[in-house]
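If you want the building blocks of each chain, they are given just below.
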Amino acid sequence: MKIMVAVKRVVDYAVKIRVKPDKSGVETSNVKMSMNPFCEIALEEALRIKEAGLASEVIAVSMGPAQCVDTLRTGLAMGADRAIHVDSPATLYPLSVAKLLKALVDVEKPGLLILGKQAIDDDCNQTGQMVAGLLKWPQGTFASKVVLDKEKQVATVEREVDGGLETLCLDLPAVITTDLRLNQPRYATLPNIMKAKSKVIKKVTSKELNVEIKSDLEVVEVHEPPKRKAGVMVSSVDELIDKLKNEAHVI
Ligand code: AMP
């Protein structure tokens, strides 16, 4: 069984985000870009499933500009066997990514498609659900534990929901999206970084996959959040309660 993992290139989580002067979006030039943290978790889970002898190949895929190849190289250095880059200069929203993923799944026929639960740049949390809908595959979103039964062709997914833990049994093939507590992703070691240089990254275009990229959303304007006002030191609990009651009007 093959496992396909979608890895997105995003602004590194530690970078302080700056809005472009024309308010059309977030500044990404000369900014450190990295693999989306939830995608690292998705890839780690795929690698662990393969290392347990339950999968034969892990394929990392990424959609976007040419620099996505760097993200895929990181994925290959972590241990993915090969990678596919869907070259797209246009801004991709979740529905377009989901359509491209479906087209790749139709070609590669993986038994499992694993994605991050959300990308930390757009915080959409939509792509996994959309691609599961397009593929008509069962989905286990926000997975905090995944157990695969190769013989029964079933994935048992534990998910963190408001009331506690929910356990789902998914018939394979299935879509899983990963939550923070699923695993701790590995670092790429130097020998594996060297090995990754000779692994294959195939480039395809949306046209070759017969997917029309049209923008179904328009970003009207991006603003910085209002600056936080400086805090005030209070001398007693009574003063704090008084301020919360009479100044902030929150209690
Ligand atoms: P989102 O729905 O945008 O929050 O993204 C959820 C997940 O979809 C991400 O964690 C990735 O696994 C996948 N994804 C979204 N956009 C891309 C992309 N451009 N390339 C690869 N994977 C993506």
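- The protein chain is annotated in an unreviewed UniProt entry as Electron transfer flavoprotein subunit beta of Nelumbo nucifera.
- According to UniProt, the comment filed for the protein chain under the heading Function (unreviewed entry) is "The electron transfer flavoprotein serves as a specific electron acceptor for several dehydrogenases, including five acyl-CoA dehydrogenases, glutaryl-CoA and sarcosine dehydrogenase. It transfers the electrons to the main mitochondrial respiratory chain via ETF-ubiquinone oxidoreductase (ETF dehydrogenase)."
- Recorded in UniProt under Sequence similarities (unreviewed entry), the annotation for the protein chain is "Belongs to the ETF beta-subunit/FixA family."

A short note on the pattern of salt bridges
- Under the counting rule described, the total for this entry stands at 16 salt bridges.
- Note that Glu 166 is salt-bridged to Arg 159, the shortest N-O span being 2.6 Å.
- According to the relative accessible area criterion, Glu 166 is partly exposed, its value standing at 31%.
- We classify Arg 159 as buried; its relative accessible area is 13%.
- Residue Glu 160 pairs with Arg 181 through a salt bridge whose shortest N-O separation is 3.0 Å. Here Arg 181 lies in the loop between strand S10 (174-178) and helix H5 (190-196) and Glu 160 lies in strand S8 (residues 154-161), a separation of 21 residues in the sequence.
- Overall, Glu 160 belongs to the partly exposed group, its relative accessible area being 28%.
- Sharing partners across several salt bridges, the network here consists of Lys 2, Glu 57, Arg 82 and Glu 108.

Observations concerning a nonpolar patch on the surface
- A contiguous nonpolar patch, built from Val 237, Ile 241, Val 250 and Ile 251 and spanning about 390 Å² of accessible area, is present on the exposed surface.
- Take Val 237: it is sitting in helix H6 (residues 237-246).

Comments concerning the pairing of strand S1 (residues 2-6)
- Most of S1 is tucked away: four of the five residues are buried.
- Note that S1 and strand S4 (residues 57-64) share five bridges and pair parallel. Bridging from a neighbouring strand, Ile 3 pairs with Val 58 of S4.
- By the bridge criterion, three bridges tie S1 to strand S6 (residues 112-116) in an arrangement that is parallel. Bridge pairing in S6 places Val 5 opposite Ile 114.

Quick look at the nonpolar core
- Counting residues in each nonpolar core, the largest one holds 35 residues, and the members touching the most others are Ile 3, Val 5, Leu 43, Ile 49, Leu 112, Ile 114 and Ile 176.
- Here the element with the most residues in this core is helix H1 (residues 37-51); it accounts for eight residues.
- Excluding anything up to four places from it in sequence, Leu 112 contacts Met 1, Lys 2, Ile 3, Met 4, Ile 49, Leu 148, Leu 172, Ala 174 and Ile 176.

Description of the site of the ligand
- Around the ligand, the structure places 18 residues, and the nearest of them are Ala 6, Ala 119, Asn 125, Gln 126 and Thr 127.
- A distance of 2.8 Å separates a nitrogen atom of the ligand from a polar backbone atom of Met 63.
- Contact with the protein chains hides 98% of the accessible area of the ligand, taken as 480 Å² for the molecule alone.
- The set of elements that each furnish at least two residues to the shell around the ligand consists of S4 and S6.
- The element contributing the most residues to the shell around the ligand is S4, with three residues.

Criteria and thresholds
- Residues numbered from 1 in each chain as written.
- Predicted model: local features only at pLDDT ≥ 70, side-chain atom pairs only at ≥ 80, totals over all residues.
- Heavy atoms only, no water.
- UniProt positions renumbered as here; feature names shortened; annotations may be inferred.
- Salt bridge = Lys/Arg side-chain N within 4 Å of Asp/Glu carboxyl O.
- Buried < 20%, exposed > 50% of the residue type's maximum accessible area, 1.4 Å probe, protein only.
- Helix = DSSP H or I, 4+ residues; strand = E, 2+ residues; numbered from the N terminus.
- Patch = residues over 30% accessible without salt bridge, like charges linked within 9 Å, V, L, I, M, F, W, Y side chains within 5 Å.
- Areas by Shrake-Rupley, 256 points an atom, 1.4 Å probe, with all protein chains shown as cover.
- Pairing = 2+ DSSP bridges.
- Core = buried A, V, L, I, M, F, W, Y, C linked by side-chain atoms within 4.5 Å.
- Contact = heavy atoms within 4.5 Å.
- Near = heavy atom within 4 Å.
- Polar contact = N/O pair within 3.5 Å; in protein donor to acceptor, adjacent residues only side chain to side chain.

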